[in-house]
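Residue-level listing of the chains:
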Amino acid sequence: MRIPLIAGNWKMYKTVGEATTLVRDLLAGLGELSDREAIVCPPFTALAAVAALVADSPLGLGAQNLYPEAQGAFTGEVSPPMLVDIGCRYVIIGHSERRQYFGESDAFVNRKLRAALAHGLRPIVCVGESKPQRDAGQAEPIVTAQVRAALLEVPPAQMANVVIAYEPIWAIGTGDTATPADAQAMHAAIRATLAELYGAEIAATVRIQYGGSVKPDNIDELMAQPDIDGALVGGASLQAASFLRIIHYQ
Ligand code: PEP
C-alpha cells in the first residue's frame with residue numbers, strides 16, 4: 001500500500017551539461033516502474049533542463065530546498081510556486097546539511113514543510129541523529145522529537161503527501177550505513193510516533209525512506225525491512241549505473 005520512493009539528492013553537483021548526460025543515461029536504463037517511484041533532485045540551476053528531459057517519463061523531479069514564502073524580497077531564495085512552475089513534484093526539507101551549515105531550526109523546517117504542502121509539493125522531510133547522540137542512547141528520542149516538530153500543525157488530510165527520510169547524520173557521505181536492523185528499529189519508532197499523532201491507519205500510509213550511504217550492495221537488504229519504504233541517496237545517485245541498480249532493488 002506504500003509505493004516505495006527512491007530519490008537521488010545531487011546536492012551541489014552537476015552542471016547543466018553533466019545533469020543532462022546523467023538523466024539521459026538514467027532514462028535509457030530505467031524501463032517501466034510499476035511498483036516503485038524514482039525521482040532526481042538536481043541543483044536549482046539544472047531543474048529546467050532536467051524537467052524537459054523527464055517530462056512524460058517514469059522519472060520524477062524534486063528540488064533540494066525552498067523558501068517558505070510565495071514571493072517577496074528574499075534575495076537568493078526560491079519559492080514553492082517557482083518549483084511547481086518548473087515541474088517539481090517533491091522537495092527535500094531540513095536535510096542535515098542545511099540544519100548543520102545553514103542553521104535551519106526545527107521551527108523553520110516546519111514552516112518550510114507547511115509551505116510545500118500549501119502549494120501542492122510533496123515534502124521529503126529529513127530527520128536523524130548525530131554519532132554522539134546515538135552513542136548516548138538518544139537516537140530515538142531525538143529523531144521522534146524532530147518528527148513531531150516538523151509536523152506541527154500539519155493536518156491529517158495532508159499526511160499522504162508527506163515523506164519522511166530517516167538519515168542518521170553519521171551515515172551521510174561516510175560509507176558507514178546503519179545496519180538494516182538498526183534502520184528498521186528507527187523507522188518503526190518513527191511510525192509509532194506518526195500513529196500517536198495521527199492514528200495507526202494514517203501512520204501506515206506514510207512513506208519513510210532511509211538515507212545514509214545507500215549503495216548498490218546494501219539497498220536490497222534495506223528495502224527488505226518492513227518499515228523502509230524507499231531511499232534518499234546522495235553519492236550513489238551521481239552515476240547512472242549505481243543509481244539504476246538502487247532503483248531496481250530486489
Ligand atoms: C543524502 O544526501 O541525503 C545522503 C544520504 O547522502 P549519501 O547517500 O552520500 O550518504
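Heads up: the structure comes first, above all this text.
Residues numbered from 1 in each chain as written. Predicted model: local features only at pLDDT ≥ 70, side-chain atom pairs only at ≥ 80, totals over all residues. Heavy atoms only, no water.

### Digging into the site of the ligand
Operational definition: Being near a molecule or strand, for a residue, comes down to having at least one heavy atom within 4 Å of it. A 3.5 Å cut-off defines polar contacts: any pair of N or O atoms within that distance qualifies, except that in protein one atom must be a possible hydrogen donor and the other a possible acceptor, and neighbouring residues in sequence count only when both atoms are side-chain atoms. Only the protein chains shown count as cover for residues, and all accessible areas are computed by the Shrake-Rupley method using a 1.4 Å probe. Polarity classes work like this: nonpolar for Ala, Val, Leu, Ile, Met, Phe, Trp, Tyr, Cys and Pro, charged for Asp, Glu, Lys and Arg, and polar for all others, with Gly in that last group.
Close to the ligand lie 14 residues, the nearest being Lys11, Glu167, Gly173, Ser213 and Gly234. One of the backbone N or O atoms of Gly173 is found 2.6 Å from an oxygen atom in the ligand. Take Gly234: an N or O atom from its main chain is 2.8 Å from an oxygen atom of the ligand. The fraction of the free accessible surface of the ligand (300 Å²) that becomes covered by protein chains is 97%. When its residues are assigned to classes, the shell around the ligand shows four nonpolar, eight polar and two charged.

### Let's talk about the environment of Ala19
The condition is simple: A run of H or I in DSSP becomes a helix once it reaches four residues, and a run of E becomes a strand once it reaches two; helices and strands are each numbered from the N terminus. What makes two residues a contact is simply this: any of their non-hydrogen atoms within 4.5 Å.
Assignment of secondary structure puts Ala19 in helix 1 (residues 16–30). As for Ala19 and Tyr210, which are separated by 191 residues in sequence, their C-alpha atoms are 24 Å apart. Setting aside residues up to four positions removed in sequence, Ala19 forms contacts with Trp10, Lys14, Ala46 and Val50.

### Observations concerning the pairing of strand 5 (residues 122–127)
Side-chain direction in a regular strand flips from residue to residue, so the side chains alternate between the two faces of the sheet. What counts, and what does not: Classification of residues uses two cut-offs on accessible area relative to the type maximum, computed with a 1.4 Å probe and protein chains only: under 20% is buried, over 50% is exposed, and between them is partly exposed. Two strands pair if DSSP finds at least two bridges between them.
For strand 5, a buried count of six out of six residues is recorded, marking the element as mostly surrounded by other parts of the structure. Along strand 5, one buried face is formed by Arg122, Ile124 and Cys126 and the opposite face, lined by Pro123, Val125 and Val127, is buried too. Inspection of the sheet shows strand 5 paired to strand 6 (residues 163–166) by four bridges, in the parallel sense. Its bridge partner being in strand 6, Val127 is matched across the sheet by Tyr166.

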